[in-house]
Amino acid sequence: MSDAEVPVLNVPTDGLIARMGISILKVTPDIAVGTMPVEGNTQPYGLLHGGASAVLAETLGSLAAMAHVLTLDPDGIAVGVDLNITHVRSARTGTVTATATAIHLGRTIASYEVTVEDDAGARLAVARLTCALRSR
């Protein structure tokens, strides 16, 4: 695996990423890191919404998979085909940070483990994302 940063072209800054307040901090084929505020992404009881954590996890894993596919095919794309997430703790305030770490970087499939942590570094959720790699 490589830790070289690969430019991911056309990273969206609008749409769901903007609505969720997601900030992308780092993207390589091996790792992607981003943050998201808890405020505005809560369920009716004031806790971080599990779906919001899933959006953050899929966003980061997909961007890392996109960085990987671009090392194989300059016209390649990565599309999520499986996401599962387990929530072990929640947050009411602050910012959460997610880190997507490569599990497998193949020619047709890339898989990532994504951890979501609160400001204190406590793990809130762990996810696994698998992306199919295709030519555009």
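Here the structure is shown first, and the text comes after it.
What follows concerns the overall build of the protein chain. Helix and strand counts for the protein chain come out as 2 helices and 6 strands. The helix and strand sequence of the protein chain, counted from the amino end, reads α-β-β-α-β-β-β-β. Across its three principal axes, the protein chain shows a C-alpha extent of roughly 45 × 25 × 25 Å. Within the protein chain, the fraction of its 136 residues that count as buried is 43%. Relative to all contacts within the protein chain whose residues are 6 or more apart in sequence, the contacts with residues 24 or more apart total 64%.

Glancing now at the pairing of strand β5 (residues 109-117). Pairing of strand β4 (residues 95-105) with β5, which is carried by 8 bridges, proceeds in the antiparallel orientation. Note on β5: the bridge partner recorded for Leu105 is Ala110. Counting the residues that bridge the hairpin from β4 to β5 gives 3 residues.

Right, let's get into the pattern of salt bridges. Where charged atoms from two side chains of opposite charge come close, those side chains can pair. Counted by the stated rule, this structure contains 1 salt bridge. One salt bridge connects Arg128 with Asp82, and the closest N-O pair in it is separated by 3.4 Å. Note that Arg128 is positioned in strand β6 (residues 123-135) and Asp82 in strand β3 (residues 76-87), a separation of 46 residues in sequence. Its relative accessible area of 34% is what places Asp82 among the partly exposed residues.

In globular proteins that are soluble, nonpolar side chains generally tend to be buried together. One finds Met36, Leu48, Leu56, Ala65, Val96, Tyr112 and Val114 to be the most contacted residues of the largest nonpolar core, which totals 35 residues. Those elements giving two or more residues to this core turn out to be α1 (15-20), β2 (31-37), α2 (50-72), β4, β5 and β6. For this core, the leading source of residues is α2, giving 11 residues.

This paragraph deals with the sheet that holds β2. The antiparallel open sheet is built from 6 strands, whose spatial order is β1-β2-β4-β5-β6-β3. The open sheet has two edge strands with one neighbour each: β1 (23-27) and β3. Between one strand axis and the next, the sheet turns through 20° on average, direction left out of account. The pairing of β2 with β4 spans 7 bridges and is antiparallel. Residue pairing in the sheet places Pro37 in a bridge with Thr95 of β4. Of the strands in this sheet, β1, β2, β3, β4, β5 and β6 are in contact with α2, which crosses β3 at around 145°.

Let us now look at the environment of Ala54. One can find Ala54 in helix α2. On the basis of relative accessibility, which here comes to 13%, the residue Ala54 falls in the buried class. With 73 residues separating them in the primary sequence, Ala54 and Ala127 have C-alpha atoms 7.6 Å apart. Beyond its immediate chain neighbours, meaning those up to four positions away, Ala54 contacts Leu83 and Ile85.

Mapped onto the secondary structure, Arg107 falls in the loop between β4 and β5. Residue class for Arg107 comes out exposed when judged on its relative accessible area of 71%. Distance from Arg107 to Gly21, taken between C-alpha atoms, is 32 Å for residues 86 residues apart in sequence. Among all residues touching Arg107, those that are not within four sequence positions of it are Leu72 and Leu133.

Definitions and limits used
Residues numbered from 1 in each chain as written. Predicted model: local features only at pLDDT ≥ 70, side-chain atom pairs only at ≥ 80, totals over all residues. Heavy atoms only, no water. Helix = DSSP H or I, 4+ residues; strand = E, 2+ residues; numbered from the N terminus. Buried < 20%, exposed > 50% of the residue type's maximum accessible area, 1.4 Å probe, protein only. Contact = heavy atoms within 4.5 Å. Pairing = 2+ DSSP bridges. Salt bridge = Lys/Arg side-chain N within 4 Å of Asp/Glu carboxyl O. Core = buried A, V, L, I, M, F, W, Y, C linked by side-chain atoms within 4.5 Å. Axes fitted to C-alpha atoms, helices over the stretch in contact; angles between N-to-C directions.

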